[in-house]
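Next come the chains, spelled out residue by residue.
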Amino acid sequence: MTLFSILFATLAAGIGSVWLAALLMRLGLGGAHDQVGPQYLLSLAAGALLATSFMHLLPEAFESQAGAHDLFATLLLGVVFFFLLDKAELWHHGHEHGHAHGPAHGHAHAHGHGHAHAHAHPDPHSPGLGGWTLLTGDSVHCFGDGILIASAFMADLRLGVIAAFSVLAHEVPHHMGDLVVLRRSSANRQMALLKVSLAGALTALGGVVGYYLVGQLQDWLPYFLAVTSSSFIYVALADLIPQLQKRLSARETVFQIAWLVSGMVVVRLVSGLAHAH
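What counts, and where the lines are drawn
- Residues numbered from 1 in each chain as written.
- Predicted model: local features only at pLDDT ≥ 70, side-chain atom pairs only at ≥ 80, totals over all residues.
- Heavy atoms only, no water.
- Phe/Tyr/Trp six-rings, centres within 6.5 Å; stacked < 30°, edge-to-face > 60°.
- Helix = DSSP H or I, 4+ residues; strand = E, 2+ residues; numbered from the N terminus.
- Buried < 20%, exposed > 50% of the residue type's maximum accessible area, 1.4 Å probe, protein only.
- Polar contact = N/O pair within 3.5 Å; in protein donor to acceptor, adjacent residues only side chain to side chain.
- Expected span 1.5 Å × (residues − 1).
- Bend = angle between axes of the 7 residues up to and from the residue.
- Axes fitted to C-alpha atoms, helices over the stretch in contact; angles between N-to-C directions.
- Parallel < 35°, antiparallel > 145°, perpendicular 65-115°, else oblique.
- Left-handed = near helix turned anticlockwise from the far one by under 90°.
- Contact = heavy atoms within 4.5 Å.
- Nonpolar A, V, L, I, M, F, W, Y, C, P; charged D, E, K, R; others polar.
- Salt bridge = Lys/Arg side-chain N within 4 Å of Asp/Glu carboxyl O.
- pLDDT = per-residue confidence, 0-100.
- Core = buried A, V, L, I, M, F, W, Y, C linked by side-chain atoms within 4.5 Å.
- Patch = residues over 30% accessible without salt bridge, like charges linked within 9 Å, V, L, I, M, F, W, Y side chains within 5 Å.
- Areas by Shrake-Rupley, 256 points an atom, 1.4 Å probe, with all protein chains shown as cover.

Even after reading the chapter, I still don't get the packing of aromatic side chains, so can you show me in this structure?
Under the counting rule described, the total for this entry stands at six aromatic pairs. Consider the rings of Y40 and F255, whose centres lie 5.9 Å apart with planes at 40°: the pair is tilted. Separated by 215 residues along the polypeptide, Y40 in helix α3 (residues 37-62) and F255 in helix α9 (residues 250-276) bring together distant segments of the chain. Take F255: its relative accessible area is 33%, and that puts it in the partly exposed class.

Next up, the structure:
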C-alpha cells in the first residue's frame, strides 16, 4: 500500500506538474506579456515548501527518539550540502531561461529552486546542447524529489501527500521555464512536452529507490525527514523568495504576499483532507 501510494504521488508530482505547466502556458500564463502571473506561482510554491518543512516534516522528525541537537545539526548540514551542490551546478533547480521575445522584449527569466538541478544556459548557436543539459539536470532533480517524497511517506501517509503537493507546486513554474527553453530549440511542442514528461517520470524511480532505501534504514528516518526539510527550506529561501524581491506596485505586493500565505493555507488544507481519509 505504501509503495503504491509513493508511485501514485511521485507520478502526480513529476509528470502532473509538467502537464499543469503546459496547460497554464496554453492559457497564457507565463508568456511574453505576463510578468506577474509566474511571480504568483513562485509565491505559492515558496509558501507551500516553508509550511511543509516547519509545520509538518520537522515536527514529525522531532517527535521521534532522535535528539534535538542531532536533528538541528542534520538540518544545518543539509542546507550547507545543498548550497555546495548548488555551487557545483549539480543540484541547482534554477537556470536562467532566456525568453526571446524579440529585440524589444528580450530578457532572462529565472525559474530557480536549488534542488537537484543543473544550470542550463542554452547557447543560441547550440540550442540542442542546452536542451539536453537542461533535461539531464531535470532528470537528476526529479530522481532526488522522488527519494524525498518516499522519505515522507515512510514516516506517515499524510506527510507524504503534503510533501508530494509541495514538490508539485514548486515544479510547475520551473517546468514552464523548461518548456520555453525546449520550444526555442524545436518547433515541435509535443516533443518538448514529451521530453520534460520523461524527465519528470524519474520522480517515480526515485520514489521506488527511496522506499527500499529508507525501509532498510528505519532508525534513520528522522534524519531523512530533516534532510528533506533542509532541501525544501533551501529551495524556498535561496531560490524562490529571492526571485520575488522585485520592485512591484503596492497592489502587486499585496497579491504576492496573499499567494505566499495561500501556499501555506493550501498545505494545511491538504493535511486536513489527508488526515480525514
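That shown, we press on.
Sorry, what's going on with the side chain of T10 here?
Mapped onto the secondary structure, T10 falls in helix α1 (residues 2-14). Separated by 2.7 Å, the side chain of T10 and the backbone oxygen of I6 make a polar contact.

Is there a simple way to explain helix α8 (residues 221-244) in this structure?
Since one α-helical turn is 3.6 residues long, residues separated by three or four positions face the same way. With 24 residues, α8 extends 33 Å from end C-alpha to end C-alpha; this agrees with the ideal 34 Å at 1.5 Å per step. For α8, the principal kink sits at A236 and spans about 30°.

Could you clarify how one ought to interpret the packing of α1 against helix α7 (residues 189-216) in this entry?
The description of two packed helices rests on the angle between their axes and on the distance between the axes. Their axes nearest at 7 Å, the elements α1 and α7 cross at an angle of 155°. As the angle between them shows, α1 and α7 are arranged roughly antiparallel. The chirality of how α1 crosses α7 is right-handed. Here α1 contributes T2, L3, I6, L7, T10, L11 and G14 to the contact with α7, which in turn contributes G200, T203, A204, G207, V208, Y211 and Y212. Grouping the amino acids of the contact of α1 with α7 by side-chain chemistry returns eight nonpolar, six polar and no charged.

How should I be thinking about the packing of helix α4 (residues 68-87) against α8 in this particular structure?
In the contact formed by α4 and α8, the axes pass within 8 Å of each other and the chain directions differ by 50°. Put simply, α4 runs oblique to α8. In the crossing of α4 with α8, the sense of the turn from one axis to the other is right-handed. Between α4 and α8, the contacting residues are D70, L71, T74, L75, G78, V79, F82, F83 and D86 on the first element and P222, Y223, A226, V227, S229, S230, S231, I233, Y234 and D239 on the second. Looking at side-chain class alone, the contact of α4 with α8 contains 11 nonpolar, five polar and three charged residues.

Help me understand the pattern of salt bridges in this model?
In a structure, side chains of opposite charge can pair up when their charged atoms sit close to one another. Summed over all chains, the structure comprises one salt bridge. The partner of R158 in a salt bridge is D156, and the shortest N-O contact between them spans 3.8 Å. Since its relative accessible area comes to 26%, D156 is described here as partly exposed.

Honestly, the confidence of the model for the chain in this entry has me stumped. Any pointers?
Detailed conclusions should not be drawn from predicted coordinates in areas where pLDDT is low. The predicted model of the chain has a mean per-residue pLDDT of 81, with 80% of residues at 70 or higher. Per-element confidence in the chain is highest for α1, whose mean pLDDT is 94, and lowest for strand β2 (residues 107-111), whose mean pLDDT is 36.

Could you clarify how one ought to interpret the nonpolar core in this entry?
For soluble globular proteins, nonpolar side chains are generally found buried alongside one another. Core analysis: the largest hydrophobic core is formed by 35 residues, its most contacted members being L49, L57, L71, I149, F232 and L240. Counting only elements with at least two residues in this core, the list comes to α1, α3, α5 (127-155), α6 (157-185), α8 and α9. The element best represented in this core is α3, accounting for nine residues. If we skip the residues at most four places from it in the chain, I149 touches T10, A13, G160, A163, A164, V167 and T203. Core analysis: the next-biggest nonpolar cluster, separate from the first, contains 16 residues, M176, L179, A192 and V196 among them.

Help me understand α6, please; the structure alone is not making it clear to me.
The terminal C-alpha atoms of α6 lie 41 Å apart, and with 29 residues this matches the ideal 42 Å at 1.5 Å per residue to within 8%. At V172, α6 shows its maximal bend, which comes to roughly 35°, and the proline P173 appears one to four places after that position.

Before we go on, may I ask you to explain a nonpolar patch on the surface in this structure?
Residues L205, V209, L213, L217 and W220 make up a contiguous nonpolar surface patch of roughly 440 Å² in combined accessible area. Among the structural elements, L205 can be located in helix α7. On the basis of relative accessible area, L205 is assigned to the partly exposed category, the value being 44%.

How should the environment of L75 be read in this particular structure?
Its location among the elements puts L75 in helix α4. Note on L75: relative accessible area 13%, which makes it buried. Sequence-wise, L75 and F224 are 149 residues apart; in three dimensions their C-alpha atoms are separated by 9.7 Å. Those residues in contact with L75, other than ones at most four positions away along the chain, are L58, A226, S229, S230 and I233.

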